[in-house]
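# Architecture at a glance
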Amino acid sequence: MNFELNETQKLVRDTARRFADTELRPHAAERDRTEEFPADALKKMAELGLMGVNIAADYGGSEAGVVAYSLAITEIARADAAVAVTMAVTNMVGEVIEKFGSAAQKEQFIPRLTSGAAQAGAFCLSEAGAGSDPAGMRTRATRVDGGWVLNGSKAWITSGEFAGAYIVWARTEMPEGDEKLSAFLLDPAAHDGITCGKPEEKMGQRGSNTVSITFEDVRIGEDALLGNLGDGFKIAMVALDGGRIGIGSLALGLGTEALSLAIDYSKEREQFGQAIGRFQGIQFKLADMATELDAARLLCLRAAWMKNEAAKKGGRFSRQASMAKLFSTEAAWRACDESLQVFGGYGYTKEYAVERLLRDVRVTRIYEGTNEIQRVVIARDLSRNGL
Ligand code: CAA
Ligand code: FAD
């Protein structure tokens, strides 16, 4: 057992922290108000290597591994979770292409993601009628001469309006006549028939872009198929195993920020003639928040370490990724809520960042698989493989 970070991991964490402190936090409240897509910030983050933290240097990535990625997402989320989720989905899209793409797809798409030229990547899995159960999707890719025609609608797609690379899941007919999901990779600007709906007006993470996307007779070539025909569901699940480490790490950032603000405020605010931090009732809140967030951090870093090991030796880390996502998002929710309590009435106003943190953290229990679905994954793994 060794809890020390290596030099690369420290460098990535510190780079992300510096950028978050100087470039993101000062504008986070404004982005929350205006819902402006953080295009400039994303470009700078790409220059710092944050859009491909766990991607090979050959494709412009930082090749720093999953632990470094988890640390970086946490730092970015402390300052602005809307930027962090955009970064997380873009990293996830790049990694899926690196793992399952053809040589040509990797060369065409990954450097555009890591350099920021594509602005962001979009992971187009969910539909209005198929969220927790993506196998029930309706979008279809029909075989035609020289490729496929896509028809259907996706819902809730992060960065859908801005992304220069989409991974789209669709039903496809198999040679045996049955249907399976397949994944396709495309540049939306290069195709007619793709339209985005009005951005969702969200409770939190308002600087991230969330839209529905309609595909109407969209012609894509043979070369758009990502991985093997019929492997789409497994590709999505493998991607989400990694993605859930990112969302656990993102929630951890929000919880950590909330704790840090509460510690500072508890030293400044006086009632009954003394700082509220001198009351044991407040001290116990801070102690519980710190303990739960530390446990969340360990779960996220263990899952990240296991993903690194799985890349070298094979094997799954689904249970550990789901545990990290489940526990971290719930611990972070409690931390943001208790932090707001420490701020009293002031915490309930837009004067203080904790109000935004509480709104931003809520969705982490919903996206990348709701926490009920994380429990489904953990329970199925327990029943198949035991403790
Ligand atoms: N790795 C590899 N293979 C996997 C796998 C994994 N993690 N999970 C499942 N599979 C395989 C199974 O082994 C099975 O293979 P066989 O058919 O060969 O036996 C196959 O996939 C089907 O598995 P299940 O029977 O378990 O599938 P299911 O339909 O019951 O669904 C589920 C399982 C876990 C509930 C899954 O549907 C799920 O994860 N749902 C949630 C969807 C989700 O997380 N969406 C997030 C969208 S992205 C997002 O939200 C972005 C954002 O945050 C910003
Ligand atoms: P439903 O599946 O309808 O679930 C409703 C309720 O039923 C939930 O509480 C759920 O936990 C529960 N439930 C469902 N099935 C079970 C079960 N088997 N056992 C117990 N309880 C169950 N998707 C993408 O593909 N790409 C994106 O980039 C993306 N970004 C998103 C960004 C935001 C801001 C949001 C809000 C969502 C995003 N999503 C994205 C979609 C997200 O993944 C889904 O919202 C999520 O998977 C849940 O699906 P649903 O909303 O349809 O809820």
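Right, let's walk through the structure included here. (Residues numbered from 1 in each chain as written. Chains lettered and ligands numbered in written order. Predicted model: local features only at pLDDT ≥ 70, side-chain atom pairs only at ≥ 80, totals over all residues.)

In terms of regular secondary structure, the protein is built from 10 helices and 10 strands. The C-alpha atoms of the protein give 21 Å as radius of gyration, which agrees with the globular expectation for 387 residues (21 Å, within 12%). Here the C-alpha coordinates of the protein stretch approximately 80 × 45 × 40 Å along the principal axes. Across the 387 residues that make up the protein, the buried fraction comes to 52%. Taking as baseline every contact in the protein between residues at least 6 positions apart, the subset at least 24 positions apart corresponds to 75%. (Helix = DSSP H or I, 4+ residues; strand = E, 2+ residues; numbered from the N terminus. Rg over C-alpha atoms; globule rule 2.2 N^0.38 Å. Buried ≥ 20, exposed ≤ 12 C-beta atoms within 10 Å, placed from the backbone. Contact = placed C-beta atoms within 7 Å.)

So, on to the site of ligand 2. Every one of the 19 residues lining ligand 2 counts as a neighbour, but Gly131, Ser132, Thr158, Thr370 and Glu372 are closest to it. Counting residues per element, the ones that place at least two in the shell around ligand 2 are β3 (147–158) and α10 (371–385). Split into classes, the residues belonging to the shell around ligand 2 amount to 10 nonpolar, seven polar and two charged. Two domains share the shell around ligand 2, each providing at least three of its residues, namely domain 2 (123–231) and domain 3 (233–385). (Near = placed C-beta within 6 Å. Nonpolar A, V, L, I, M, F, W, Y, C, P; charged D, E, K, R; others polar. Domains from an automatic or database assignment.)

Next up on the list: the pairing of strand β2 (residues 140–144). Both β2 and β3 contribute to a ladder of five bridges, which runs antiparallel. In the sheet register, alanine 141 faces β3, and the bridge partner there is leucine 150. (Pairing = 2+ DSSP bridges.)

Bringing the site of ligand 1 into the picture now. Close contacts around ligand 1 come from 25 residues, with Met237, Ser318, Tyr367, Glu368 and Gly369 the closest. For the shell around ligand 1, the secondary structure elements donating two or more residues are α4 (81–100), α6 (232–268) and α10. Sort the elements by how many residues they give to the shell around ligand 1 and α6 lands first, with seven residues. Of the residues in the shell around ligand 1, the class split is 15 nonpolar, five polar and five charged. The residues that make up the shell around ligand 1 include at least three from each of domain 2 (123–231) and domain 3 (233–385).

On to helix α8 (residues 318–342). Its 25 residues give α8 an end-to-end C-alpha distance of 36 Å, which sits within 8% of 36 Å, the value for a rise of 1.5 Å per residue. Most of α8 is tucked away: 20 of the 25 residues are buried. At the C-terminal side of α8, glycine 344 shows a positive phi close to 60°. (Expected span 1.5 Å × (residues − 1).)

Within soluble globular proteins, side chains that are nonpolar generally end up buried alongside one another. Judged by nonpolar contacts, the single largest core of 120 residues is most densely connected at Ile76, Phe184 and Cys336. Among the elements that take part in this core, α6 stands out by supplying 15 residues, more than any other. Dropping the residues within four chain positions of it, phenylalanine 184 is found in contact with Ala141, Trp148, Val168, Ala170, Ile220, Ala224, Leu225 and Leu226. (Core = buried A, V, L, I, M, F, W, Y, C linked by C-beta atoms within 7 Å.)

Below, the discussion takes up helix α2 (residues 39–47). Within α2, the full set of buried residues consists of Ala41, Leu42, Met45 and Ala46. Viewed end-on, α2 has its buried residues packed into an arc of 140°, placing them on one side of the element. Among the exposed residues of α2, those oriented more than 90 degrees off its buried face are Ala39, Asp40 and Glu47. Looking at the packing, one finds that the buried side of α2 touches α1 (7–34), α4 and α5 (103–115). Glycine 49 occupies a position one or two residues after α2 and carries a positive phi of about 85°. (Arc of directions from axis to C-beta.)

So, to be careful, I would describe these as geometric facts and stop short of saying anything about function.
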